[in-house]
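# Structural characterization, general
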Amino acid sequence: MKTLLIGSSLLLASFSTLAAEPAPVIKDYGYFYNVPEHVSDLSQAQFKIAFDVGKGAEKGAQNNHINSLARFINMHVAHGVKPENIQLALVVHGGASVDVLQNSVYKTRFEKDNKTESLIKQLLANNTQVYVCGQSAMHMKVAADQLIPGVKMALSAMTAHAQLQQQGYTLNPF
């Protein structure tokens, strides 16, 4: 009986913890683990971080490297950071350059849907800048008018990163 009561108490505590968590900012992406006892003081945190993604997704699959930005946003907002205090930038190059194509263009090219398009659109709507390397884009035959609306063509990934650093962005190491 004692075991049953303890188990029931833990189950109820789990449900109350889940109910208290805010809804994710980026829906259907960016899952994370709650860490209730962490040492990070996030009460006044402000982030300006650039993420670099060069590895493309398998055709018709979501680019999980880009999903890291959604995880960053959802995790930090759930742990008390104000959404307006999170400014992210995504610099895409190499094989990932096709992952920022509009679905219609992607589908024509690969005969599959671009599973990353919805994620990119949500990131753009949540204080994230997205740049594609112009050098990679030209190599991959990606034109500016084929990009998901809001994605910007940079001269190069190197240029985008240099300019983001000048604007105070740090580079996420993974």
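Provided above is the structure to which this section pertains.
Given the structure is predicted, the values throughout are model-derived calculations rather than measurements.

### Regarding the pattern of salt bridges
Any two side chains of opposite charge can pair, given that their charged atoms come close. With the rule as written, the count across this model stands at two salt bridges. We note a salt bridge from Asp113 to Lys107, for which the minimum N-O separation is 3.4 Å. Classification of Asp113 as partly exposed rests on a relative accessible area of 33%. Assessed through its relative accessible area of 44%, Lys107 is described here as partly exposed. With its nearest N and O atoms 3.9 Å apart, the salt bridge here joins Glu117 to Lys121. Within this pair, Glu117 and its partner Lys121 are both found in helix α4 (residues 117-124), separated by four residues, close to a single helical turn. Classification of Glu117 by relative accessible area gives buried; the value is 15%.

### Quick word on the sheet that holds strand β2 (residues 86-92)
The sheet built from five strands is open, its strands ordered β4-β3-β2-β1-β5 with parallel pairing. Each edge of the open sheet is held by one strand with a lone partner, namely β4 (152-154) and β5 (170-171). Sheet analysis places β2 next to strand β3 (residues 128-133), joined by five bridges and oriented parallel. Across the sheet, the residue bridging to Leu88 is Thr128, located in β3. Sitting on the sheet, helix α2 (residues 64-78) touches β1 (47-53), β2 and β3, and the angle it makes with β2 is about 175°.

Procedures and definitions
Residues numbered from 1 in each chain as written. Predicted model: local features only at pLDDT ≥ 70, side-chain atom pairs only at ≥ 80, totals over all residues. Heavy atoms only, no water. Salt bridge = Lys/Arg side-chain N within 4 Å of Asp/Glu carboxyl O. Buried < 20%, exposed > 50% of the residue type's maximum accessible area, 1.4 Å probe, protein only. Helix = DSSP H or I, 4+ residues; strand = E, 2+ residues; numbered from the N terminus. Pairing = 2+ DSSP bridges. Contact = heavy atoms within 4.5 Å. Axes fitted to C-alpha atoms, helices over the stretch in contact; angles between N-to-C directions.

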